[in-house]
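Geometric and topological summary
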Amino acid sequence: MFKKSFPQNNFESITPTKIKGVYEVYTGNQIYYYMPEAEVILYGSIIAKGGINLTRESTVSKIAKKMATLPLDDAFKIGNGKTTVVEFMDPNCYHCRQAYNFFSKRKDVTIYVFFFPLSQDSDRKIRHIFCARDKLKTYEDVMAGKLDNNAPLNICTDKKVDETVKTHRRLASQTGISATPLFYIKGQVVDGFEAGAIEKLLKD
């Protein structure tokens, strides 16, 4: 019925919601709703009693399943702690830098970073990191803001760097990432830098 009414709309899944006659349509990076009886699509969030955002909960759950299968060998690895943290981030994102400061003080985590540039400058900084001889030190300099304000960057022509950047973009798209930062810790997704929620997961 959906394909007949909206043949141009691609989707990954269609599932019934708790609301009779309303179905959740998941495109792979967005959720909207379909009412077959009225043959209409509804955009927006469904909010339950108590202010619970059911749309966000469903989105996060779907992202968590995908993050559980990410190829960590393709990520930028930081640390050797007992707890694994997977992160999608942009080096110019303010909250990503807050998260960097938070995790840089901890020795109990291993962070697997997937870069998701939201601007051309972010893309250049990511390439600068991967082109560097000491990638970790260069990453720390970028996240500390030492390469802001049009600082000179080393953008090499290494095909491996280009492939790595493309891989990170592809994995972000496949996972449904639209904003940064986003974390996957112990089977749970934390959407944004919520220090309290992250701290609780790390302690549990």
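Up top you'll find the structure we're talking about.
Our subject in this report is the structure included herewith.

Rules of the game
- Residues numbered from 1 in each chain as written.
- Predicted model: local features only at pLDDT ≥ 70, side-chain atom pairs only at ≥ 80, totals over all residues.
- Heavy atoms only, no water.
- Axes fitted to C-alpha atoms, helices over the stretch in contact; angles between N-to-C directions.
- Helix = DSSP H or I, 4+ residues; strand = E, 2+ residues; numbered from the N terminus.
- Parallel < 35°, antiparallel > 145°, perpendicular 65-115°, else oblique.
- Left-handed = near helix turned anticlockwise from the far one by under 90°.
- Contact = heavy atoms within 4.5 Å.
- Nonpolar A, V, L, I, M, F, W, Y, C, P; charged D, E, K, R; others polar.
- Phe/Tyr/Trp six-rings, centres within 6.5 Å; stacked < 30°, edge-to-face > 60°.
- Buried < 20%, exposed > 50% of the residue type's maximum accessible area, 1.4 Å probe, protein only.
- Lys NZ or Arg CZ within 6 Å of the ring centre and 35° of its normal.
- Salt bridge = Lys/Arg side-chain N within 4 Å of Asp/Glu carboxyl O.

Following both chains from N to C, one finds helix H4 (residues 120-131) and helix H6 (residues 159-175) inclined at 130°, their axes separated by 10 Å at the closest point. On the basis of the axis angle, H4 is oblique to H6. For the pair H4 and H6, the crossing hand works out as right-handed. Along its contact with H4, which presents Asp 123, Ile 126, Arg 127, Phe 130 and Cys 131, the element H6 presents Val 161, Asp 162, Thr 164, Val 165, His 168 and Arg 169. Each residue belonging to the contact of H4 with H6 can be placed in one class, and the counts come to five nonpolar, two polar and four charged.

This part covers the packing of aromatic side chains. Using the criterion set out here, one finds 15 aromatic pairs in the structure. Judged by centre distance (5.3 Å) and plane angle (50°), the rings of Phe 76 and Tyr 139 are tilted. With a gap of 63 residues between them, Phe 76 in strand E7 (residues 76-78) and Tyr 139 in helix H5 (residues 135-143) connect regions that are remote in the sequence. For the pair shown, Phe 76 and Tyr 139 are each scored as buried. Ring-pair connections join several aromatic residues into one group, and the members of that group are Phe 76, Tyr 100, Phe 115, Phe 130 and Tyr 139. Above the face of the Tyr 26 ring, Lys 62 is positioned so that its terminal group lies 5.4 Å from the ring centre.

In total, this model carries 16 salt bridges according to the counting rule given. One salt bridge in this structure joins Arg 127 and Asp 162, with 3.1 Å as the shortest N-O distance. With Arg 127 in helix H4 and Asp 162 in helix H6, this pair connects stretches of sequence that are 35 residues apart. Put simply, Lys 166 and Asp 162 hold a salt bridge, and the shortest N to O gap is 3.4 Å.

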